[in-house]
Amino acid sequence: MNTAALLGPYQPESAFAWIGGSPITCHRFLSEVATLADQLPENATVINLVEDRFRFFVGFAAALVRGQTTLLPPGRAPKVLAQITNDHANSYCLIDGQGKVEGLPSFHILSTYRNSKEHQFVVPQIPTKQIAVVAFTSGSTGTPRPNPKTWGSLVAVAQHTGARLGLSPTDNVTVVATVPHQHMFGLEASLLLPTQFGLPFHTGRPLYPEDIRSALGSAPPRRILVTTPLHIKACVTEKTQFPKIDFILSATAPLPIALAQQAETLFDTKVFEVYGFVEAGSVATRRTVAGDSWQLLDGISFAKHSDHYSLRADYLREPVPFPDHISLQGPRTFFLQSRHADLVNIAGHRGSLGDLNRKLNEIEGVQDGVFLFPGQDERSITRLTAFVVAPGKSADQILSDLRTVINPVFLPRPLYLVPILPRNETGKLTRESLLELARQLQCEDHRGL
Amino acid sequence: MSGVSPLEEEVAKLIVQTLNLKIDPVQIQPEQLLFGKGLGLDSIDALELSLAISQSYGYHIRSDDPEITATLASLRSLCTSIQKNRTK
């Protein structure tokens, strides 16, 4: 049976995690894992709701050691959780606070945390074919679907990503992350990436620019920041002085080149983006300011089909179709065109929501905006709906600007000015949440008549 | 708006403008909860609002401030903190 180590090359007394300015050693982490693994319930699957990044990873590792699978729900919405627990009835919920999932037994991680005794320093080996995680798609391309991930695939993605970014165990950089650890990118980049390279991570989850500054400041001198375009925008707007960092890694949404440039100047660093999707994990990276082309990670290759590309890797059970339209620049580099599910057809004109969204967001004064294709309406030609955050601009002004950059058949009817888009905690917009927003706004319109 | 200080009036306007809420600033009660069940703001609003406050008053909101939960509870508590920490 092939196995892969739970962790990269740490010494027992290596700093494994930083809580504020205090290190936790690798030996202490492994002792916590061993203690917890002895006491976890017998269930096959676990929903790990632990808020603290370090304790979450103790729970994740203990579940791996016990051969249990961690479920990563796309959010905390009760209906979504109900659907997942319905399909995985033999589950329990691991918590460190008040969180719970209706209908599942809860196991409080702190019940063993304070009593853990020192175990021998042994890094567990985990079978590479063991299903470590089931990640659920967020729903932006349809109904949430389970995506099982083997331990071998998680390790391979972390190693290929780290190798691309030039990580080395001897560099002793600390990963500081603003992203939550309970979704695929957060798990990969804030936990598996450092721990597969024998590097420490910071346990905080900073939100405000001042938090980010302080988290970076409390980590040892060499750090990398794992974050999203939203947080980068906040930091750039604040123009606070930030401690020196080796590089920024951004994901979850496209990072505009101008913003990447501002961040490179402000932080005096390089900004990289990682491109991935739940079915395959991280698959490509680019330095945003260097241009639009993405470079595939090592270990992954394209397979060409008649009308699309898929990705092949030793660690993927079967080729995974690429969710976006791409054009190849070379055998291992590509441009993103648009997402398949984003194609719309209005009165015979084909368009891409991704493209339209980009044009909308490029309009001066538009802070955030999105198009929604509500679905076919039998009575008339269905038009697109748009939701736009643009303080100080009127709907008419935005429409007149849009008219100059898109085919008028795609002009939204209606265009709603909204205070904020219903992004979930990872910054994604689901079709469901947009449809719900449209319903609410329609009701308000009717009441106002 | 009786019993509302000029700063509270000003910050209520800032909240409505920044988050583009479709309400009149005078509708924000000084003791009403801003987040969760009250005005229904979330962490992304908090991020937006913190930027507006630091730009208007030079007060940088941070999560590790022991008073942070109390500060962000209501318009009144927020204004008390702004008053105490403002640099402009």
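All residue numbers refer to position in the chain's written sequence, counted from 1. Chain letters start at A and ligand numbers start at 1, both assigned in the order the entries are written. Totals for whole chains, interfaces and linings use every residue, but because this is a predicted model, local features are given only for residues with pLDDT of at least 70 and side-chain atom pairs only at 80 or more, for both listing and counting.

A short note on the packing of helix 8 (residues 229-238) of chain A against helix 9 (residues 257-267) of chain A
Packed helix pairs are characterised by how far apart their axes lie and by the angle those axes make with each other. Residues and elements named next belong to chain A. Note on geometry: axes are lines fitted to C-alpha atoms, helical ones only across the stretch in contact, with angles between N-to-C directions running from 0 to 180 degrees. Secondary structure counts use DSSP, requiring at least four H or I residues in a row for a helix and at least two E residues in a row for a strand, with both numbered from the N terminus. Where helix 8 contacts helix 9, the axes come no closer than 10 Å and their chain directions differ by 55°. Taken together, the axes of helix 8 and helix 9 lie oblique to each other. Classified by chirality, the crossing of helix 9 by helix 8 is left-handed. Between helix 8, through Pro229, Ile232, Lys233, Cys235 and Val236, and helix 9, the contact on the second element is made entirely by Leu259, Gln262, Ala263 and Leu266. We call Asp, Glu, Lys and Arg charged. Ala, Val, Leu, Ile, Met, Phe, Trp, Tyr, Cys and Pro are nonpolar, and the rest, Gly among them, are polar. Partitioning the contact of helix 8 with helix 9 into residue classes produces 7 nonpolar, 1 polar and 1 charged. Put simply, angles under 35 degrees are roughly parallel, angles over 145 are roughly antiparallel, angles from 65 to 115 are roughly perpendicular, and the rest are oblique. Should the near helix be turned anticlockwise from the far one by less than a right angle, the crossing is left-handed, and should it be turned clockwise, the crossing is right-handed. For every residue pair, C-beta atoms are placed from the backbone, and the pair is scored as a contact if these atoms sit within 7 Å.

A closer look at the interface of chain A and chain B
At the interface, 15 residues of chain A touch 17 residues of chain B. Residue assignment for the side of chain A that touches chain B shows that the elements contributing at least two residues are helix 7 (209-218) and helix 8 of chain A. Sort the elements by how many residues they give to the side of chain A that touches chain B and helix 8 of chain A lands first, with 4 residues. Residues that form the side of chain A that touches chain B fall into these classes: 9 nonpolar, 2 polar and 4 charged.

Quick word on the domain arrangement of chain A
Note that domain bounds follow an automatic or database assignment of domains. For chain A, the assigned domains read domain 1 (3-337) and domain 2 (347-448). Once you take the C-alpha centre of each, domain 1 of chain A and domain 2 of chain A turn out to be 32 Å apart.

Observations regarding the sheet that holds strand 9 (residues 131-136) of chain A
Paired through their backbone hydrogen bonds, the strands of a sheet run either parallel or antiparallel. All names here are of chain A. Here, any two strands with at least 2 DSSP bridges between them count as paired. The 6 strands are arranged 7-6-4-5-9-10 in an open sheet whose pairing can be described as mixed. Each end of this open sheet is capped by a strand with a single partner; those strands are strand 7 (106-108) and strand 10 (146-150). Averaged over all pairs of adjacent strands, the angle between strand axes in this sheet comes to 30°, irrespective of strand direction. The pairing of strand 4 (residues 45-48) with strand 5 (residues 69-72) spans 3 bridges and is classified as parallel. Pairing of Thr45 across the sheet is with Thr69, part of strand 5.

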